Amino acid sequence: MRKVFCETLGLELKLPEKCERIISFSPAVTEALFSMGLGDKVVGVSVYCVRPEEARKKVIVGSYSNTNVEKLKELKPDLIFTTTGYQRNFALNLSKIFNVYAVQLPISLCSLIATCVEVGFVAGYYKEARNLERELIEKLLDIKRLKRKLRVYVEIDLGGPVSFGAFSYITNTLEILGVEGIFSNESCEWLIPDFEKVKEKNPEVIIYEPKMFRSETKEEVIKKLVNRGWENIDAVKRGKILVTPGPYDFLAHHGPSFITKAIPWLYDNLSKLE
């Protein structure tokens with residue numbers, strides 16, 4: 001048995017040398033495990049774990065903060081992964097019965113990669129974790145910067161409009177691409193946007209992500225923004241609205257595909273609006 005300390009929960013876990021039965025309540029963790037070739041070790045996932053497609057074939061054990069404990073016991077997990085933030089209390093409650101490791105939410109692209117490595121290390125698969133780390137770093141080295149610094153507003157529907165401040169991997173990504181998020185100096189990870197403040201900051205481009213499991217067209221989004229009174233914002237007037245490809249979380253997903261798919265999508269689409 002190995003002793004692994006979870007800093008985020010302040011708990012010491014006793015784990016087998018290699019965890020053979022893993023449950024993940026985090027879509028990002030689930031994708032990281034599959035990306036390391038450990039999909040066969042995953043025995044249960046949350047309803048939101050949709051990447052890769054094979055993950056959807058696993059036993060669904062709950063949502064972000066709800067589960068059936070008896071169902072978890074039947075699966076006999078060596079290890080359960082959650083995240084922090086909205087899942088912290090959920091993780092603490094589960095830790096009274098199971099080995100639970102809560103992975104911290106990333107604040108930058110570097111910490112996003114570190115999270116993937118951490119997941120592999122905790123599960124006991126060091127080589128697989130390092131291989132994924134190398135692949136993701138190589139992808140980051142290929143990132144190009146835009147020629148002109150666009151002023152961008154990002155909004156994701158997380159049950160209501162949410163935007164992002166300095167402590168967000170999304171803001172960090174925009175800066176690496178050479179883009180300025182209008183709330184990039186706000187001392188927070190996320191915030192509920194003040195619509196009047198957005199009007200004052202007058203973004204050149206708006207990136208909009210619909211709610212999970214829902215798709216919206218650019219025309220539908222523009223209509224929504226006009227109804228807010230944003231018709232005179234440059235991005236709306238000029239139709240410079242980017243709607244992320246649905247129906248799943250795209251920018252809100254902080255697994256490996258954020259680097260392999262979301263960043264190339266951002267660059268390709270933003271470069272057309274320079």
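Keep in mind it's a predicted model, so treat the numbers as computed, not measured.

J.: For this particular structure, what's the right way to read the side chain of Arg 2?
T.: When you line up the elements, Arg 2 lands in strand β1 (residues 2-6). For Arg 2, the side chain forms a polar contact with the main-chain oxygen of Pro 16, separated by 3.0 Å. In terms of polar contacts, Arg 2 uses its side chain to reach the backbone carbonyl oxygen of Val 122, at 2.8 Å. Ignoring sequence-local partners within four residues, the contact set of Arg 2 consists of Leu 13, Lys 14, Leu 15, Pro 16, Glu 17, Cys 19, Phe 121, Val 122, Ala 123, Gly 124 and Tyr 126.

J.: What should I look at first to understand helix α6 (residues 169-176) in this one?
T.: For α6, the buried fraction is high: 6 of the 8 residues fall into the buried class. By the burial criterion, the buried members of α6 are Tyr 169, Ile 170, Thr 171, Asn 172, Thr 173 and Leu 174. Summarising the contacts, the buried residues of α6 are in contact with α4 (109-123), β8 (151-157), β9 (161-164), β10 (180-181), β12 (205-209) and α10 (257-271). The residue sitting at the N-terminus of α6 and contributing the capping side-chain oxygen is Ser 168; that oxygen lies 3.0 Å from the backbone nitrogen of Ile 170. Positioned one or two residues after α6, Gly 178 has a phi angle of 90°, which is positive.

J.: What exactly am I supposed to notice about the packing of α4 against α10 here?
T.: Helix packing geometry: the angle between the two helix axes and the distance between the axes. Close contact between α4 and α10 brings their axes to 11 Å; oriented N to C, the two are set at 145°. Of the residues in α10, those touching α4 at Leu 109, Leu 112 and Ile 113 are Phe 258, Ile 259 and Ile 263. Here the contact of α4 with α10 is built from residues that sort into 6 nonpolar, no polar and no charged.

J.: What is the right way to read helix α5 (residues 126-141) from this model?
T.: An α-helix turns once every 3.6 residues. As a result, residues three or four positions apart point the same way. Between its first and last C-alpha, α5 extends 23 Å over 16 residues, near the 22 Å set by a 1.5 Å rise per residue. Among the residues of α5, those classed as buried are Ala 129, Leu 132, Leu 136 and Leu 140. Looking straight down α5, one finds its buried side chains confined to an arc of 80°; they lie on one side. In α5, the exposed residues that point more than 90 degrees away from the buried face are Lys 127 and Leu 141.

J.: For this particular structure, what's the right way to read the environment of Ile 137?
T.: Mapped onto the elements of the fold, Ile 137 is located in helix α5. The sequence separation of Ile 137 and Ile 113 amounts to 24 residues, and the corresponding C-alpha distance is 7.8 Å.

J.: Teacher, can you tell me more about the pairing of β8 here?
T.: Each regular strand displays side chains that alternate between the two surfaces of the sheet. Of all the 7 residues making up β8, 6 are buried; the element is thus mostly covered by neighbouring parts of the structure. Both β8 and β10 contribute to a ladder of 2 bridges, which runs parallel. Following the sheet pairing, Arg 151 is matched in β10 by Glu 180. Relative to β12, β8 runs parallel, the two sharing 5 bridges. Paired with Glu 155 across the bridge in β12 is Tyr 208. Pairing geometry for β8 and β9, over 2 bridges, is antiparallel. By the bridge assignment for β9, Asp 157 is matched with Pro 161. Between β8 and β9, which pair antiparallel one after the other, the connecting turn spans 3 residues, and Gly 159 there sits at a positive phi close to 90°.

J.: Is there a simple way to explain the packing of aromatic side chains in this structure?
T.: Each aromatic ring pair is characterised by the separation of its centres together with the angle its planes make. Overall, the coordinates contain 12 aromatic pairs when judged by the stated rule. Judged by centre distance (6.2 Å) and plane angle (75°), the rings of Tyr 153 and Phe 183 are edge-to-face. Here Tyr 153, found in strand β8, pairs with Phe 183, found in the loop between β10 and β11 (190-191); they are 30 residues apart in sequence, far enough to count as distant. On the basis of relative accessibility, which here comes to 0%, the residue Tyr 153 falls in the buried class. Judged by its relative accessible area of 4%, Phe 183 falls in the buried class. Plain terms: the ring middles of Tyr 169 and Phe 258 are 5.0 Å apart, the flat faces sit at 85° to each other, and that makes the pair edge-to-face. Taken together, the residues span a long stretch of sequence, with Tyr 169 in helix α6 and Phe 258 in helix α10 at a distance of 89 residues. Members of the aromatic cluster, connected to one another through ring pairs, are Tyr 48, Tyr 64, Tyr 86, Phe 213 and Tyr 248. Note that Arg 228 overlies the ring of Trp 230, its terminal NZ or CZ placed 4.8 Å from the centroid.

J.: Could you clarify how one ought to interpret the side chain of Glu 216 in this entry?
T.: Its location among the elements puts Glu 216 in the loop between β12 and α8 (218-227). A distance of 3.5 Å separates a polar atom in the side chain of Glu 216 from a polar atom in the side chain of Tyr 208. At 3.2 Å, the side chain of Glu 216 forms a polar contact with the side chain of Lys 224.

Cut-offs applied
- Residues numbered from 1 in each chain as written.
- Predicted model: local features only at pLDDT ≥ 70, side-chain atom pairs only at ≥ 80, totals over all residues.
- Heavy atoms only, no water.
- Helix = DSSP H or I, 4+ residues; strand = E, 2+ residues; numbered from the N terminus.
- Polar contact = N/O pair within 3.5 Å; in protein donor to acceptor, adjacent residues only side chain to side chain.
- Contact = heavy atoms within 4.5 Å.
- Buried < 20%, exposed > 50% of the residue type's maximum accessible area, 1.4 Å probe, protein only.
- Axes fitted to C-alpha atoms, helices over the stretch in contact; angles between N-to-C directions.
- Nonpolar A, V, L, I, M, F, W, Y, C, P; charged D, E, K, R; others polar.
- Expected span 1.5 Å × (residues − 1).
- Arc of directions from axis to C-beta.
- Pairing = 2+ DSSP bridges.
- Phe/Tyr/Trp six-rings, centres within 6.5 Å; stacked < 30°, edge-to-face > 60°.
- Lys NZ or Arg CZ within 6 Å of the ring centre and 35° of its normal.

Interpretation note: all reported values are geometric properties and have no functional meaning in isolation.
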